[in-house]
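# Tertiary structure, described
Listed below, chain by chain, are the residues.
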Amino acid sequence: VLTFQSPAQTALALQQAGTFKEAGAAAFKVGNFALCIEEWSAGIEALRCCPAEPEVEALRLALFNNRAFAHSKKGTDLRAVEADVAEVLLRDPANVKAIFRRAQARASLLEWEGAVTDLNKVLELQPSNKLAARDLSAAREAMAAAGGAEAATTQSGSASGGAAADGKPSKSKQKKGKGKGKG
């Protein structure tokens, strides 16, 4: 991404994107998924020419992850979920929320092998994730029923606990020393 912004312009873009993020969160809380997609898209656009600084990237990842979740909740464009999580995973390949959301979209599209692969990855990164373990079991059963029995026996992680795939929109605040957003 070519950037032509001064630090002041980047600060303004961050402020604008943060405002769009909050407006999207408010729309999400009342179930207006079309509006939150619009707000989070505006936030992503506001950051388009910003340099890849940690604060910018954390907010960008949160906006893409949140928009993916809103597309998922809306249920009308599951390929948009995959496109948004692809943007997150380009920047953070181990982003558990993005991998989990892609798994859910793939399962909704009856793409069981991809869902199983993603859920195994979630459990590899976060072995105590109860939601991923539950969904992995269901995806394996569905894949076996659909005729993919040999793939249904692929390796799995353990199951207990839960976390980043909690179904909540991401937060852009960074944890100290981690260098990436919370969600």
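All values derive from a computational prediction rather than experimental measurement.

### Some remarks on the pattern of salt bridges
Throughout the structure, instances matching the rule amount to 12 salt bridges. Between Glu 45 and Arg 48 there is a salt bridge, with the nearest N and O atoms lying 2.6 Å from each other. Residue Glu 45 is classed as partly exposed on the basis of its relative accessible area, which comes to 45%. In this structure, the salt-bridge partner of Arg 60 is Glu 57, at a minimum N-O distance of 2.8 Å.

### Remarks on unusual backbone geometry
Phi angles above zero are rare outside glycine, and Leu 110 is one such case at about 60°. Along the polypeptide, Leu 110 turns up in the loop between helix 5 (96-108) and helix 6 (112-125).

### What about the packing of aromatic side chains?
If you walk through the whole model with that rule in mind, you get three aromatic pairs. In textbook terms, an aromatic cluster arises when at least three aromatic residues are bridged by ring pairs, as seen for Phe 28, Phe 33, Trp 40 and Phe 69.

### Looking at the environment of Gly 24
Along the chain, Gly 24 turns up in helix 1 (residues 7-29). Classification of Gly 24 by relative accessible area gives buried; the value is 0%. Distance in space between the C-alpha atoms of Gly 24 and Trp 40 is 5.8 Å, their sequence separation being 16 residues. Non-local contacts of Gly 24, meaning those with residues more than four positions away in its chain, are made with Cys 36, Glu 39 and Trp 40.

Conventions and cut-offs
- Residues numbered from 1 in each chain as written.
- Predicted model: local features only at pLDDT ≥ 70, side-chain atom pairs only at ≥ 80, totals over all residues.
- Heavy atoms only, no water.
- Salt bridge = Lys/Arg side-chain N within 4 Å of Asp/Glu carboxyl O.
- Buried < 20%, exposed > 50% of the residue type's maximum accessible area, 1.4 Å probe, protein only.
- Helix = DSSP H or I, 4+ residues; strand = E, 2+ residues; numbered from the N terminus.
- Phe/Tyr/Trp six-rings, centres within 6.5 Å; stacked < 30°, edge-to-face > 60°.
- Contact = heavy atoms within 4.5 Å.

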